[in-house]
Amino acid sequence: MLSGGLIISQYYEGASDNKWIELYNASGVAIDLAAGGYRLGSWNNANREAWKTGGTPGNSSALTGTVPAGGTHLIKNTKAALPSYATANESSAACGFNGDDSVVLYTGATYAFANVVDAFGMTANAAQDK
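Residues numbered from 1 in each chain as written. Predicted model: local features only at pLDDT ≥ 70, side-chain atom pairs only at ≥ 80, totals over all residues. Heavy atoms only, no water.

Novice: How would you sum up the packing of aromatic side chains? Please name residues and give values.
Specialist: Using the criterion set out here, one finds six aromatic pairs in the structure. Between Tyr11 and Phe120, the aromatic rings sit 4.4 Å apart at their centres with planes inclined by 35 degrees, giving tilted as the arrangement. You can see Tyr11 sitting in strand β1 (residues 6–13) and its partner Phe120 sitting in strand β10 (residues 116–121), a full 109 residues away along the chain. On the numbers, 4.8 Å between centres and 65 degrees between planes, the contact of Trp43 with Tyr111 is edge-to-face. Separated by 68 residues along the polypeptide, Trp43 in strand β4 (residues 38–43) and Tyr111 in the loop between β9 (102–107) and β10 bring together distant segments of the chain. (Phe/Tyr/Trp six-rings, centres within 6.5 Å; stacked < 30°, edge-to-face > 60°. Helix = DSSP H or I, 4+ residues; strand = E, 2+ residues; numbered from the N terminus.)

See the structure below:
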């Protein structure tokens, strides 16, 4: 996996479309997501492990915005109803997971395992509605 400061710091899988991913910038400099070619992809259900072998994501979105040094970037499902304390920076179809899927942060227009920055996944529904 590439190093560079960004990690998936939170995965929220709520009921219905209430799903979010939080990215954290652990580096000492701001990271421009669009300039860096960052994307968020999801591999769902039976294909949840295919990101490890070069499989194409079921959904992916190019990310935009800048994550300040030591700051976070919140990505929500396009239909999520945010709680009053959360403000999403952007929406993504890749936030359509249901508790047994993989979510991968990577760079480049086309997915390649060599460009994985960080990943989160479950092999059972352990994360459903959590």
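Past the structure itself, the notes keep going.
Novice: A description of the sheet that holds β4 should follow, citing residues and the corresponding values.
Specialist: Read across the sheet, four strands follow the order β5-β4-β9-β10 without closing on themselves; strand pairing throughout is antiparallel. Sheet topology places β5 (59–62) and β10 at the edges, where each strand pairs with a single neighbour. Adjacent strand axes in the sheet meet at a mean angle of 15 degrees, parallel and antiparallel pairs treated alike. Here six bridges tie β4 to β9, and the two strands are oriented antiparallel to one another. (Pairing = 2+ DSSP bridges. Axes fitted to C-alpha atoms, helices over the stretch in contact; angles between N-to-C directions.)

Novice: Help me get a handle on the pattern of salt bridges, residues and values and all.
Specialist: Under the definition given, this model contains three salt bridges. Residue Lys19 is joined to Glu13 by a salt bridge in which the shortest nitrogen-to-oxygen separation is 2.4 Å. The pair formed by Lys19 and Glu13 is uniform in burial state, with each residue classed as buried. Between Lys52 and Glu49 there is a salt bridge, with the nearest N and O atoms lying 2.4 Å from each other. (Salt bridge = Lys/Arg side-chain N within 4 Å of Asp/Glu carboxyl O. Buried < 20%, exposed > 50% of the residue type's maximum accessible area, 1.4 Å probe, protein only.)

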